[in-house]
Amino acid sequence: MSLLSHTLPIVTQSMEFLGETSSQTIVNSRLGFIFPNGSIIHNDSGVYFQTSIPVPIRVPNSYDFATLKTKIHNTLQLTDKQFLDEIHYRQPFTDTGNQICFQCMQLINDDDVNTMLMCNNQFSCVGPIELLCTIGRTPHEIINLLECTMTPTHDALLYYNERWNMSCQNNFVGYVFTGKNPEKFEIPLGSTIDELKDLIKQVAPEGIPPHGIHASQTVRRLFFRQLGHFEYLDKVIKFEIIELKTNDDVLKVLVQSNY
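Residues numbered from 1 in each chain as written. Predicted model: local features only at pLDDT ≥ 70, side-chain atom pairs only at ≥ 80, totals over all residues. Heavy atoms only, no water.

## Comments concerning unusual backbone geometry
- Unusually for a residue other than glycine, Asn37 sits at a positive phi of about 50°.
- In this fold, Asn37 is placed in the loop between strand 1 (29–36) and strand 2 (39–43).
- Of the residues examined, Asn37 reaches a relative accessible area of 48% and is grouped as partly exposed.
- The backbone of Gln77 sits at a positive phi, close to 55°, despite the residue not being glycine.
- Relative to the assigned elements, Gln77 resides in the loop between helix 3 (65–75) and strand 5 (82–94).
- Taking the relative accessible area as the measure of exposure, Gln77 reaches 65% and is therefore exposed. (Helix = DSSP H or I, 4+ residues; strand = E, 2+ residues; numbered from the N terminus. Buried < 20%, exposed > 50% of the residue type's maximum accessible area, 1.4 Å probe, protein only.)

## Here's the deal with helix 3
- Burial in helix 3 covers these residues: Phe65, Leu68 and Ile72. The buried residues of helix 3 occupy an angular sector of 60° when the element is viewed end-on, so they sit on one face.
- Close packing links the buried residues of helix 3 with strand 1, strand 4 (55–60), strand 5, helix 4 (110–122) and strand 7 (129–137).
- In the segment just after helix 3, Gln77 is the residue with positive phi, at about 55°. (Arc of directions from axis to C-beta. Contact = heavy atoms within 4.5 Å.)

## Describing the pattern of salt bridges
- Counted according to the given criterion, the structure contains two salt bridges.
- Across the pair Arg90 and Glu130 runs a salt bridge whose closest N-O atoms are separated by 3.4 Å. With Arg90 in strand 5 and Glu130 in strand 7, this residue pair connects regions lying 40 residues apart in the sequence. Comparing Arg90 with Glu130, the two get one shared label, buried.
- Where Glu243 meets Arg221, a salt bridge forms, and the shortest distance between an N and an O atom there is 2.8 Å. You can see Glu243 sitting in strand 13 (residues 237–244) and its partner Arg221 sitting in the loop between helix 6 (193–203) and strand 12 (222–227), a full 22 residues away along the chain.
- Residue Arg221 is classed as partly exposed on the basis of its relative accessible area of 43%. (Salt bridge = Lys/Arg side-chain N within 4 Å of Asp/Glu carboxyl O.)

## Here we look at the nonpolar core
- Within the largest apolar cluster, 21 residues are counted, with the highest numbers of intra-cluster contacts made by Leu68, Ile72, Ile87, Tyr89, Leu107, Met116 and Leu131.
- Of all the secondary-structure elements, those providing two or more residues to this core are strand 4, helix 3, strand 5, helix 4 and strand 7.
- Of all the elements, helix 4 adds the most residues to this core, at four residues.
- Setting aside residues no more than four positions away along its own chain, Ile87 makes contact with Phe65, Lys69, Ile72, Met105, Gln106, Leu107, Leu131, Leu132 and Cys133.
- Core analysis: the next-biggest nonpolar cluster, separate from the first, contains 18 residues, Ala156, Tyr160, Phe185 and Ile200 among them. (Core = buried A, V, L, I, M, F, W, Y, C linked by side-chain atoms within 4.5 Å.)

## Details of helix 6
- Along helix 6, the residues classified as buried are Ile193, Leu196, Leu199, Ile200 and Val203. What you see down the axis of helix 6 is that its buried residues fit within an arc of 120°, all on one side. In helix 6, those exposed residues whose orientation departs by more than 90 degrees from the buried face are Asp194 and Gln202.

## With respect to the pairing of strand 1
- Most of strand 1 sits inside the fold, with eight of its eight residues counted as buried.
- Pairing of strand 1 with strand 4 involves six bridges; the strand directions are antiparallel. Residue pairing for strand 4: Phe33 is matched across the bridge by Pro56.
- By the bridge criterion, five bridges tie strand 1 to strand 7 in an arrangement that is parallel. When the sheet's bridge partners are listed, Ile34 is paired in strand 7 with Leu131. (Pairing = 2+ DSSP bridges.)

## Overview of the packing of aromatic side chains
- According to the stated counting rule, one finds one aromatic pair in the structure shown.
- Seen from their ring centres, Phe35 and Phe49 are 5.9 Å apart, and the 70° between their planes marks the pair as edge-to-face. Of the two residues, Phe35 is situated in strand 1 and Phe49 in strand 3 (residues 46–50); the sequence distance between them amounts to 14 residues. Across the pair, exposure class does not vary: Phe35 and Phe49 are buried alike.
- Its guanidinium or amino end placed over the ring of Phe102, Arg90 lies 3.6 Å from that ring's centre, counting from NZ or CZ. (Phe/Tyr/Trp six-rings, centres within 6.5 Å; stacked < 30°, edge-to-face > 60°. Lys NZ or Arg CZ within 6 Å of the ring centre and 35° of its normal.)

## Some words on the packing of helix 3 against helix 4
- Axis separation between helix 3 and helix 4 bottoms out at 8 Å; the angle between their running directions is 75°. It follows that helix 3 is roughly perpendicular to helix 4 by the angle criterion. Listed contacts from helix 4 to Phe65, Ala66 and Leu68 of helix 3 are Asp110, Val113 and Met116.
- Grouping the constituent residues of the contact of helix 3 with helix 4 by class yields five nonpolar, no polar and one charged. (Axes fitted to C-alpha atoms, helices over the stretch in contact; angles between N-to-C directions. Parallel < 35°, antiparallel > 145°, perpendicular 65-115°, else oblique. Nonpolar A, V, L, I, M, F, W, Y, C, P; charged D, E, K, R; others polar.)

Structure below.
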């Protein structure tokens, strides 16, 4: 689906939004659109964002990263049970053929926001700033969700001291874990990262590394295979590997496994 499909509602919202904005504010800020929990689609010109209804926003030239996050949070009217997780900018650039293309750039600090503003100034012909934002739930809200809608345990496979590689077969492409004897176990509802590590130590085979784990050792790193973040036009299923480091990471895994 092309962004042209959103042209009419975007133009209408822009006119209403600009009508409420002073001329001085327009000079000192940039028009943008937020794509809340949208999709990142790849096409011939790079990437474009897609969501049901983009939300207009004004980005002043003086904004830093923290101020931009607050502005987006307030513009989207997020509740105390939600938080702004990631911000991605549809960044224009010129390819080797002198054609304007787009790539996805995650904003994580003040320098990234400055880069975004400079790109928008340099490529003013491409139109407003486009920001894709992922909105998450607070840990407390996720726990409430787990208790209300999810099973008390979740099936899992443990690949102890094994590897992962890239596989491509039919409609599947992405990373897969490899190992001779994966161990089946269950992750209890509400497990913390430390509790999960202790559980894995109990499930992992006993022995001398790398074939087993000794009682004096601890689980150092955990990795999880999940569906890829990007959507592609060919509709294949893609997987990626992430490292679990915090309690929030474990909660996200349990939420994903339920859907």
